[in-house]
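Each chain, letter by letter, is given below.
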Amino acid sequence: MIKEIITKAQSDLILDASEIAELFKITLFSEESALIQAAARKIAEQACQGRAEVHAQIGLNIAPCPNNCKFCSFAACNGVFSEAVELSALEVISRTQQFEQDGADAIFIMATADYAFSKFLDMSRQIKQALKSETILIANVGDFSLDQAKQLKDVGYTGIYHALRLGEGRDTQISPEKRLATINTAHQAGLSVGTCLEPVGPEHTVEELVEKTMVTRDITPAYSGAARRIPIPNTDLAQKGICSEARMAHILAVVRLALPVSIPGNCTHEPSIIGAAAGACLLWAEAGSNPRDTQENTEEKRGMTVQECRRVLEEAEWKVLDGPSRFYTDLAPQNEEKVYV
Ligand code: SF4
């Protein structure tokens, strides 16, 4: 049965919920698990035309965030950061130029949900001006309107990162409808959308993994993939533990099989060789603030550099793209103006 499902995915036929569930249920390190990962790797190579990518994200600010996503170190309820801290434009420009010099294929600008949108646009204009014209910029911000999506496009963003997260509306104070509406408006404004199955914890059921995997497919994203939840010390979710990198490799391989070959990218975070070997062809370097870190500047703790991410991919026998991201440009799937909600 598993071999039939894999063959179906290899033929680029759409898997249904029960088939995706069967793949998630497979025991790690079994023969079938190896077949799933081998097939995912092959499809990933085909989808990204043999070139993995490293994207790099800078977090502009730290602030106790009222949205209280329980897995996030900025959530006010988690009490990690009590004061607001913002990077200056000079600091941001210097770090994004470093990303550019290091060969990042795209640069993500992240801010917490309550960072003023006008300030984000202003900062973005300055960053855009300071970087090479061909550098791909991606926004990773809170939910926004269609008008704001158009403004993001106007200041030079090619796309956004946005996800309907596991536990959305339960472990967060944001409704699933709002998250999907933002993705919708981004597409309407002509922005590509990257997404993934996140933040995966050991307690998530197969049903929830399947449901959210199918949502990432419905989005028609530049990439999907899977990222694990990093425990924030002294929080309820930290008690539930962390998925191993080996389990994440299996999960991201299933996500790859569940999505059509027309979706070029498959990511994982945090970077791991075993995940890259199993079909993750997109990894992230990080600087500045990071919702998975308790350190103000994540490069001093959890964040990896572009070179470190490239090394992880190369250890997993990937060739890494030199130049602007193709996931967000020529390989990005075309999106009609879809309505999800
Ligand atoms: S994930 Fe975003 S919206 Fe949620 S608490 Fe963190 S910064 Fe706020």
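Our structure is the block above this text.
The rules we used
- Residues numbered from 1 in each chain as written.
- Predicted model: local features only at pLDDT ≥ 70, side-chain atom pairs only at ≥ 80, totals over all residues.
- Heavy atoms only, no water.
- Near = heavy atom within 4 Å.
- 1 Å grid on protein atoms, 1.4 Å probe; cavity = no way out; pocket = protein on both sides within 12 Å on 5 of 7 lines; lining within 4 Å.
- Sits in = over half its atoms within 2 Å of the grid points.
- Nonpolar A, V, L, I, M, F, W, Y, C, P; charged D, E, K, R; others polar.
- Points joined across faces, edges and corners; volume = space filled by probe spheres on them.
- Helix = DSSP H or I, 4+ residues; strand = E, 2+ residues; numbered from the N terminus.
- Expected span 1.5 Å × (residues − 1).
- Buried < 20%, exposed > 50% of the residue type's maximum accessible area, 1.4 Å probe, protein only.
- Contact = heavy atoms within 4.5 Å.
- Core = buried A, V, L, I, M, F, W, Y, C linked by side-chain atoms within 4.5 Å.
- Axes fitted to C-alpha atoms, helices over the stretch in contact; angles between N-to-C directions.
- Parallel < 35°, antiparallel > 145°, perpendicular 65-115°, else oblique.
- Left-handed = near helix turned anticlockwise from the far one by under 90°.

Notes on the site of the ligand
Line of reasoning, step 1. Taken together, Cys65, Asn67, Asn68, Cys69, Cys72, Phe74, Ala75, Thr112, Ala113 and Arg165 make up the full set of residues near the ligand.
Line of reasoning, step 2. Using a 2 Å cut-off from the grid points, one finds that the ligand occupies the largest cavity.
Line of reasoning, step 3. Here the residues of the shell around the ligand are counted per class, giving 6 nonpolar, 3 polar and 1 charged.

Structural notes on the layout of surface pockets
Line of reasoning, step 1. Counted as a void, the largest pocket has a volume near 220 Å³.
Line of reasoning, step 2. Lining the largest pocket are 16 residues; nearest its centre among them are Ala113, Val141, Gly142, Asp143 and Phe144.
Line of reasoning, step 3. Here the residues of the lining of the largest pocket are counted per class, giving 9 nonpolar, 5 polar and 2 charged.
Line of reasoning, step 4. Estimated volume of the second largest pocket: approximately 160 Å³.
Line of reasoning, step 5. Residue lining of the second largest pocket: 13 residues in total, with Glu100, Ala104, Thr135, Gly323 and Pro324 positioned closest to the centre.
Line of reasoning, step 6. Of the residues in the lining of the second largest pocket, the class split is 4 nonpolar, 3 polar and 6 charged.

Observations regarding helix H8 (residues 206-218)
Line of reasoning, step 1. The first and last C-alpha atoms of H8 sit 18 Å apart over 13 residues, in line with the 18 Å expected at 1.5 Å per residue.
Line of reasoning, step 2. Regarding H8, the residues found buried are Glu208, Leu209, Val210, Lys212, Thr213, Val215, Thr216 and Arg217.
Line of reasoning, step 3. Packing partners of the buried residues in H8 comprise helix H2 (17-25), helix H7 (176-188), strand E8 (197-200), strand E9 (223-228) and helix H9 (245-258).

Comments concerning the nonpolar core
Line of reasoning, step 1. Judged by nonpolar contacts, the single largest core of 68 residues is most densely connected at Ile109, Phe120, Leu152, Tyr157, Tyr223 and Trp318.
Line of reasoning, step 2. In contact with Phe120, not counting residues within four places along its chain, are Leu60, Ile109, Ala111, Tyr115, Ala139, Val141, Leu152 and Tyr157.
Line of reasoning, step 3. In this structure, Ile2, Leu209, Val210 and Ile263 belong to the second largest nonpolar core, which totals 34 residues.

A few points about the packing of H2 against H9
Line of reasoning, step 1. In contact at an axis separation of 9 Å, H2 and H9 are set at 160° when each is read in the N-to-C sense. Taken together, the axes of H2 and H9 are roughly antiparallel relative to one another. Here the hand of the crossing between H2 and H9 comes out right-handed. Contacts between H2 and H9 pair Ile20, Leu23 and Phe24 from the former with His250, Ile251, Val254, Val255, Leu257 and Ala258 from the latter.
Line of reasoning, step 2. Taken together, the residues of the contact of H2 with H9 break down into 8 nonpolar, 1 polar and no charged.

Quick notes on empty space enclosed by the protein
Line of reasoning, step 1. Inspection of every chain in the model, using the stated rule, returns 3 cavities of 30 Å³ or more.
Line of reasoning, step 2. Taken as a whole, the largest cavity encloses approximately 690 Å³ of empty space.
Line of reasoning, step 3. For the largest cavity, the lining is made up of 35 residues, of which Asn140, Arg165, Glu198, Pro291 and Arg292 are closest to its centre.
Line of reasoning, step 4. Those elements giving two or more residues to the lining of the largest cavity turn out to be strand E4 (106-110), E8, E9 and strand E11 (282-288).
Line of reasoning, step 5. The residue makeup of the lining of the largest cavity, split by class, is 20 nonpolar, 8 polar and 7 charged.

Observations concerning the packing of helix H5 (residues 117-130) against helix H6 (residues 146-154)
Line of reasoning, step 1. Look at H5 against H6: their axes get within 10 Å of each other, and the N-to-C directions meet at 15°. In terms of orientation, H5 lies roughly parallel with respect to H6. In this structure, H5 crosses over H6, and the sense of that crossing is right-handed. Contacts from Phe117, Phe120 and Leu121 of H5 reach H6 at Gln148, Gln151 and Leu152.
Line of reasoning, step 2. Split into classes, the residues belonging to the contact of H5 with H6 amount to 4 nonpolar, 2 polar and no charged.

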